[in-house]
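Geometric and topological summary
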2 protein chains.
Amino acid sequence: MLGTASAMPVATRNQSAQALQVHGRLFLMDAGEGVQTQMVRYRVPMAKLEAVFISHVHGDHVYGLFGLLSTFGMGGRMVPLHVYGPANLRPFINFFLSYNDWLPYEIVFHPVNTRFPEVIFETKSVTVTAFPLLHGIETYGYIFREKEPQWNVRKECIAEYGLTLTEIGTLKRGEDVVREDGTVIPLAEAAYKPFVPRSYAYVSDTAVFPGEAEVLKDVTVLYHEATFLQEHEDKAAARFHSTTLQAARVALDAGVSRLLIGHYSSRNLDQRLYEAECRTIFPETYAASDGDEFEI
Amino acid sequence: MLGTASAMPVATRNQSAQALQVHGRLFLMDAGEGVQTQMVRYRVPMAKLEAVFISHVHGDHVYGLFGLLSTFGMGGRMVPLHVYGPANLRPFINFFLSYNDWLPYEIVFHPVNTRFPEVIFETKSVTVTAFPLLHGIETYGYIFREKEPQWNVRKECIAEYGLTLTEIGTLKRGEDVVREDGTVIPLAEAAYKPFVPRSYAYVSDTAVFPGEAEVLKDVTVLYHEATFLQEHEDKAAARFHSTTLQAARVALDAGVSRLLIGHYSSRNLDQRLYEAECRTIFPETYAASDGDEFEI
């Protein structure tokens, strides 16, 4: 968690940004002002960053991009950096490039433009789905989903059954081994899945909207903004933000395992109040602070 | 001191920015990323800010401008904000405005363009002089100089001599009172100057250059970047920055009362080393940290 404040600057929290490590690969969600300093402060291995996913172009989610892009240049980065976000993010990158034509690396901008959940990025082990949020301007949420892992063959079974390479390949594909003599070596006995695929959703900024829980169905860990305490429900609606109870209700309806909240209004920075309100509906809620690490 | 780091992000110092209060009026020099958060953190009364003076458009001196301008808007600022800086700063403001046409206040940009020291701004009590630095791109230093104060008439003398309003006016203009009967009431006895005019120079970023000490002659307090320890004199020259000893030599030659240094290279953040090197030439050197306040 690199930034858990909302738009007004406060002394104790940075503006929106999160780093996500997936099987040793590093992604950034949003880039609030100061994100590069936060990455240094919390020892996020900045140079490994592959892609940035920007939710929307409000300043508190994007003004840190300039410094980050600049520092990569000074640091001699050679590998391209991929930036995903709404089309109106492109002028930010063009503006930056107009002052930085010396960059040793390429910035590859991928405009996101979808009305329905859509896979916009994929690696060997993860997919990223973008979907529209409800925030007055074009805004996207992102869901990172681990792919189903391959079956791993149990080492002890290789010796016990004298498995051939062909038979190991059969198990890895998820099939039982059936030998010519009719012997069956069941997949479930000789192989295992190293993990159950996990998922993480980043949902900031948004008012709650019909179908939101459906999009987030069964996500393992959901980060959902909860800008306002419940008493300010009117303000949340007027500004296209969520309250604590609204975020908790989404988590409950979506059946997620855990809810993380942040983007607290500067009018009240005591995260325990936000957490307590959410827990009345969804006990597995955790209010995030800058520097917090969560294992999924 | 709102930011004493140089361009590479570090956990313990913000990038370049300083606030200066002069007779209750507030000015900002440079706006490194995160400056708005620093102003909140160190209780600088942000809303009172009248003018920003930008040295040059390298990111570590200007990327904090966006968040600051945005926050003023959200806070409902009505009074204009004046921004001074080289002409190539204008696209920053235009870019910002292209995303923020709702601002309730006016941003008045004053391009600085001078080859010689020139007064670019003036209030009742202070002048601001801009002069070119040597940094590879167009860069300016700024000197704030208090104007000579009016003479204040001593209260006890008003009664003692039965001073008339006309006579008080004479003293305030800096003249002795000569009465019709030949009595002289000497200025030096009946009036005093409330302070000796002070001055502050902000010099970042620059290599030292011929005539620099002349421009800074008799400044009360000089802030001069000292990016490199003396052993990195070659790097300083190559990157148009100053070393400790170079900054100290300028302070000595200019005859300033005090030298403040900052903009330390990220390769060595122990400010005591920079300070110690400077003091071998100029003992009244003080290495600045974020949050430091200096009275001039």
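Report follows, based on the coordinates. (Residues numbered from 1 in each chain as written. Chains lettered and ligands numbered in written order. Predicted model: local features only at pLDDT ≥ 70, side-chain atom pairs only at ≥ 80, totals over all residues.)

**Quick word on helix H2 (residues 65-74) of chain A**
Where burial is concerned, most of H2 of chain A is hidden: eight out of the ten residues are buried. For H2 of chain A, the full list of buried residues reads Leu 65, Phe 66, Gly 67, Leu 68, Leu 69, Ser 70, Thr 71 and Phe 72 of chain A. Of the surrounding secondary structure, the elements contacted by the buried residues of H2 of chain A are helix H1 (35-41), strand E4 (81-86), helix H3 (90-99) and strand E5 (107-112) of chain A together with helix H2 (59-62) of chain B. Downstream of H2 of chain A by a residue or two, Gly 76 of chain A has a phi angle that is positive, lying close to 80°. (Buried ≥ 20, exposed ≤ 12 C-beta atoms within 10 Å, placed from the backbone. Helix = DSSP H or I, 4+ residues; strand = E, 2+ residues; numbered from the N terminus. Contact = placed C-beta atoms within 7 Å.)

**Details of the relation of the copies chain B and chain A**
One copy of the chain maps onto the second through a rotation about an axis and a displacement along it. By a simple turn and slide, chain B fits onto chain A: the slide is 0.0 Å along the axis, the RMSD is 0.0 Å, and the turn is 180°. In symmetry terms, the pair is related by a two-fold rotation axis. The position closest to the rotation axis in chain B is occupied by the C-alpha of Gly 34 of chain B, lying 2.8 Å away. A high fraction, 100%, of the interface residues of chain B reappear at the interface in chain A, so the copies pair face to face through one surface. (Least-squares fit on C-alpha atoms with pLDDT ≥ 70 in both.)

**Section: the sheet that holds strand E13 (residues 199-203) of chain B**
Residues and elements named next belong to chain B. Pairing within the open sheet is mixed, and its seven strands lie in the order E6-E7-E8-E13-E14-E15-E16. Because the sheet does not close on itself, it has two edges, and the strands there are strand E6 (118-122) and strand E16 (285-287). Direction aside, neighbouring strands of the sheet carry axes that sit 20° apart on average. The sheet contact formed by strand E14 (residues 221-225) and strand E15 (residues 258-262) spans five bridges and is parallel. (Pairing = 2+ DSSP bridges. Axes fitted to C-alpha atoms, helices over the stretch in contact; angles between N-to-C directions.)

**Topic: the interface of chain B and chain A**
Taken together, the contact between chain B and chain A spans 22 residues of the former and 22 residues of the latter. At five residues, the largest contribution of residues to the side of chain B that touches chain A is made by helix H3 (residues 65-74) of chain B. Grouping the constituent residues of the side of chain B that touches chain A by class yields twelve nonpolar, eight polar and two charged. (Nonpolar A, V, L, I, M, F, W, Y, C, P; charged D, E, K, R; others polar.)

**Points about the sheet that holds strand E2 (residues 25-29) of chain B**
Residue and element names in this part refer to chain B. What the five strands build is an open sheet, ordered E1-E2-E3-E4-E5; its pairing is mixed. Two strands in the sheet have a free side with no partner beyond their single neighbour: strand E1 (18-22) and strand E5 (107-112). Between one strand axis and the next, the sheet turns by 20° as a mean value, whatever way the strands run. Relative to E5, strand E4 (residues 81-86) runs parallel, the two sharing six bridges. Bridged to Gly 85 within E5 is Pro 111.

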